[in-house]
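Residue-level structure breakdown
Residue-level listing of the chains:
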Amino acid sequence: EIGSGLVGSEMCIRDRKDKGRDDVTIVEKDCTDLSAIASYTEDMLIGNPEISAFLCLNDNTALTCYGTCAQMNKADCIVIGFDGSPAGNQSIADGQMTGTMVYSPVDLAKTSLDAGIKLAKGETVDKEAQVEMWMINSDNIKDYDLESWD
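Predicted model, so just to flag it, every value in this text is computed and none were measured.

Criteria and thresholds
- Numbering of residues starts from 1 in every chain and runs along the sequence as written.
- At least 70 in pLDDT is required for a residue's local features to be given in this predicted model, at least 80 for side-chain atom pairs to be given and counted, and no such filter applies to totals for whole chains, interfaces and linings, which use all residues.
- Derived side-chain values reflect all non-hydrogen atoms in the structure, with water molecules and hydrogen atoms excluded from consideration.
- Numbering of helices and strands runs from the N terminus, with a helix taken as a DSSP run of H or I at least four residues long and a strand as a DSSP run of E at least two residues long.
- One less than the number of residues in a helix, times 1.5 Å, gives the span that helix is expected to have.
- Relative accessible area decides the class of each residue, using a 1.4 Å probe on protein chains only: under 20% of the type maximum gives buried, over 50% gives exposed, and in between gives partly exposed.
- For this analysis, residues touch if any pair of their heavy atoms sits within 4.5 Å.
- As used in this structure description, the phrase polar contact means that two N or O atoms lie within 3.5 Å; if the pair is within protein, one of them must be able to donate a hydrogen and the other to accept it, and residues adjacent in sequence are counted only when both atoms belong to side chains.
- Every definition here rests on a 1 Å grid over the protein atoms only: cavities are sets of points where a 1.4 Å probe fits but cannot get out, pockets are open sets enclosed by protein on both sides within 12 Å along at least five of seven lines, and lining residues have some atom within 4 Å of a point.
- Grid points are joined across faces, edges and corners, and a volume is the space filled by probe spheres set on the points.

The next subject is helix H3 (residues 59-71). Between its first and last C-alpha, H3 extends 18 Å over 13 residues, near the 18 Å set by a 1.5 Å rise per residue. Taken as a whole, H3 has its buried residues at Asp-59, Thr-61, Ala-62, Cys-65, Tyr-66, Thr-68 and Cys-69. The secondary structure elements touched by the buried residues of H3 are helix H2 (37-47), strand S3 (53-55), strand S4 (78-82), helix H4 (86-93) and strand S5 (99-103). Capping the start of H3, Asn-58 holds a side-chain oxygen 3.1 Å from the backbone nitrogen of Asn-60, two or three residues further along. Among the residues trailing H3, Asn-73 stands out with phi positive, at a value near 60°.

See the structure below:
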């Protein structure tokens, strides 16, 4: 089971079904108070002890989530954040967080600007746009600067 506090985790559920992954169950808990991630994680682990992974809102919440998992003797849980923050990258290098998903803010800005220009010209644009994302993990962490937002 995967614990998810992500807004938009409906997309994860849809993608799982689209790929025929019946072996994965998404357990959700709304994370409305980001200062309470530790208690959210604890509640999810107590209520669902078979959870083996967490997909977190960002690297800060993933760091807290991992710390709670470790305190509850579940340090082997997969914990993935979003951001590629220096603290998240250091955690990956230290063998704690499993990974962090990152994207180029420049690519995001270019995609948004292109859509804005098309709309200003009266052209239609797709409701959703995609930018390339990649994962930083133990296999490639050595390629990233642990001191900066690379």
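With that out of the way, let us pick up the layout of surface pockets. If you roll a probe as big as a water molecule over the atoms, it shows you where there is empty space left. By volume, the second largest pocket amounts to about 230 Å³. As for the second largest pocket, its lining consists of 12 residues, and the residues nearest its centre are Asp-83, Val-102, Tyr-103, Pro-105 and Trp-149. Every element with two or more residues in the lining of the second largest pocket is listed here: S5 and strand S6 (133-137). With 3 residues, the top contributor of residues to the lining of the second largest pocket is S5.

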